[in-house]
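# Commentary on secondary and tertiary structure
One letter stands for each residue in the lines below.
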Amino acid sequence: MEARPRPELFDFHGVGMIKKFTENWDNIQNFKARADDILIATYTKAGTTWVSYILDLLYFGHMGPDGQTSIPLHDRVPFLEICKPPLPIGTDLADKLPTTPRLIKTHLPVQFVPKSFWEQRCRVVYMARNAKDNAVSYFHFQRMNSGMPEPGDWSTFLLNFMEGKMVFGSWYDHVNGWWEKKQIYSNFHYMFYEDLIEDCRREIDRLCSFLGLSPSAEEKERVKASATFDNMKQNKMTNYSTIDTMNQTISPFMRKGKVGDWKNHFTVAQNEQFDEDYKQKMKNPDLKFRYEI
Ligand code: PPS
């Protein structure tokens, strides 16, 4: 089979983008959020699928096997900005979503989020992941996904990551931009991938308290058990095996699911250079990440 041409990264209002995320821009910007919508926002590869599945199970897990076993998670939690016909367009999927609340995923930097989400005072769950593991995960994702730009080799990719030449722009701008939003927008839960790895049950409790949910202890245990890395890797509804641009023999979507895999990729020199650059870009002492647990 002939290899598909990879999309080119271009500058879109100061942020790296590819066409499938800007083609539907007017509809994205004019999207009509509802007051009970929940926006799940992340930089790519920060654990979006994991937190989406946890929320999906918390809200709809008790409704019987139907949804969870027959509809892929990416259709139950639409990706707002995706527009790649013939696949369903993110805004259309969200408009037609029959659930209440609607869970909606986005990777947009905060300044691009449709204003109706803020006007409607929607709840926002932002998940962040340490820059080094996030970069490694993103590298392997671009290798396996022909719907993303060519990643180049690891050292080229890492420099591009540091310079913010990435789809959805700079990791540094993304995590900081959303962190600043949290300071002025109260309906906001900012969480970390590393915390979820460390103690998933505690993080489910925190999510429930933010969302005003009070499932039984057994239900919470069930959610935790269903959303383990191993279960989600086996589950065809969560492992992205339904998406044909992803070649999971190059690298599986559910790849490792660990904190600290960066140590298997960064050379000593790359790590020093990265840390030096990081200090310059991450000046806010309140926003702290863990690189191992
Ligand atoms: S995407 O394409 O942006 O939506 O990807 P995203 O879901 O944000 O991130 C994928 C990474 O999250 C890991 N993952 C998990 N880790 C631990 N436990 C669970 N349950 C889990 N589910 C997904 C997934 O393995 C990717 O990380 P890496 O480091 O590549 O393994």
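Structure shown above.
These figures come from a predicted structure and were not determined experimentally.

### Examining the overall build of the protein chain
Helices and strands together make up the secondary structure of the protein chain, namely 14 helices and six strands. Taken over C-alpha atoms, the radius of gyration comes to 18 Å for the protein chain, in line with the 19 Å a tight globule of 293 residues would show. Along the three orthogonal principal directions, the C-alpha set of the protein chain runs to about 50 × 40 × 40 Å. Per-residue burial for the protein chain yields a buried fraction of 57% across its 293 residues. Across the protein chain, contacts joining residues at least 24 apart in sequence account for 75% of those joining residues at least 6 apart.

### Quick word on the site of the ligand
Not every one of the 23 residues close to the ligand is listed here, only the nearest: Thr-48, Thr-49, Ser-137, Tyr-193 and Lys-256. Gly-47 is positioned with one of its backbone polar atoms (N or O) 3.0 Å from an oxygen atom of the ligand. At 2.3 Å, a side-chain N or O of Thr-48 approaches an oxygen atom of the ligand. Look at the ligand: alone it shows 640 Å² of surface, and the protein chains cover 98% of it. Listing elements by their share of the shell around the ligand, those giving two or more residues are helix H2 (48–60), helix H7 (131–144), helix H10 (193–198) and helix H13 (229–234).

### Some details on the side chain of Asn-134
One can find Asn-134 in helix H7. In this structure the side chain of Asn-134 is engaged in a polar contact, spanning 3.5 Å, whose partner is the side chain of Trp-171. The contacts of Asn-134, once residues within four sequence positions are left out, are Tyr-43, Thr-44, Lys-45, Ala-46, Arg-129 and Trp-171.

### Regarding the pairing of strand S3 (residues 38–42)
By the criterion of burial, S3 is predominantly enclosed, with five of the five residues buried. Alternating residues of S3 divide into Ile-38, Ile-40 and Thr-42 and Leu-39 and Ala-41, and every residue in both groups is buried. Both S3 and strand S4 (residues 103–106) contribute to a ladder of four bridges, which runs parallel. Each bridged residue has a counterpart across the sheet, and for Ile-40 the counterpart in S4 is Lys-105.

### Comments concerning the packing of H2 against helix H11 (residues 200–211)
Running from N to C, H2 and H11 point in directions that differ by 60°, and their axes come no closer than 11 Å. As summarised for this structure, H2 and H11 are arranged oblique, according to the angle between their axes. Remark: the crossing between H2 and H11 carries right-handed chirality. Each of Trp-50, Val-51, Ile-54, Leu-55, Leu-58 and Tyr-59 in H2 lies in contact with H11, whose residues at this interface are Cys-200, Ile-204, Leu-207, Cys-208 and Leu-211. By residue class, the composition of the contact of H2 with H11 is eleven nonpolar, no polar and no charged.

### Regarding the pairing of strand S6 (residues 188–192)
Along S6, five of the five residues are buried, which leaves the element largely enclosed by surrounding structure. Here S6 shows no split at all, with Phe-188, Tyr-190 and Phe-192 on one side and His-189 and Met-191 on the other all buried. With five bridges connecting them, strand S5 (residues 123–128) and S6 associate as parallel partners. The residue of S6 that forms the bridge with Val-124 is Phe-188.

### A closer look at unusual backbone geometry
The omega angle of the peptide bond from Pro-85 to Pro-86 is 10°, so this bond is cis rather than trans. Relative to the helices and strands, Pro-86 is located in the loop between helix H4 (73–76) and helix H5 (90–96). Even without being glycine, His-13 reaches a positive phi, approximately 50°. According to the relative accessible area criterion, His-13 is exposed, its value standing at 62%.

### A word on H2
Over its 13 residues, H2 runs 18 Å from end to end, which matches the ideal 18 Å to within 8%, given 1.5 Å per residue. Counting buried positions along H2 yields 13 of 13 residues, so the element is predominantly enclosed.

### So, the side chain of Gln-270
Mapped onto the fold, Gln-270 is located in helix H14 (residues 268–281). Residue class for Gln-270 comes out buried when judged on its relative accessible area of 13%. Those residues in contact with Gln-270 that sit more than four places away from it in its chain are Trp-154, Ser-155, Leu-158 and His-265.

### Looking at the environment of Pro-85
Structurally, Pro-85 is set in the loop between H4 and H5. Each C-alpha atom, one on Pro-85 and one on Lys-20, is 9.0 Å from the other, the two residues being 65 residues apart in sequence.

What counts, and at which threshold
Residues numbered from 1 in each chain as written. Predicted model: local features only at pLDDT ≥ 70, side-chain atom pairs only at ≥ 80, totals over all residues. Heavy atoms only, no water. Helix = DSSP H or I, 4+ residues; strand = E, 2+ residues; numbered from the N terminus. Rg over C-alpha atoms; globule rule 2.2 N^0.38 Å. Buried < 20%, exposed > 50% of the residue type's maximum accessible area, 1.4 Å probe, protein only. Contact = heavy atoms within 4.5 Å. Near = heavy atom within 4 Å. Polar contact = N/O pair within 3.5 Å; in protein donor to acceptor, adjacent residues only side chain to side chain. Areas by Shrake-Rupley, 256 points an atom, 1.4 Å probe, with all protein chains shown as cover. Pairing = 2+ DSSP bridges. Axes fitted to C-alpha atoms, helices over the stretch in contact; angles between N-to-C directions. Parallel < 35°, antiparallel > 145°, perpendicular 65-115°, else oblique. Left-handed = near helix turned anticlockwise from the far one by under 90°. Nonpolar A, V, L, I, M, F, W, Y, C, P; charged D, E, K, R; others polar. Expected span 1.5 Å × (residues − 1).

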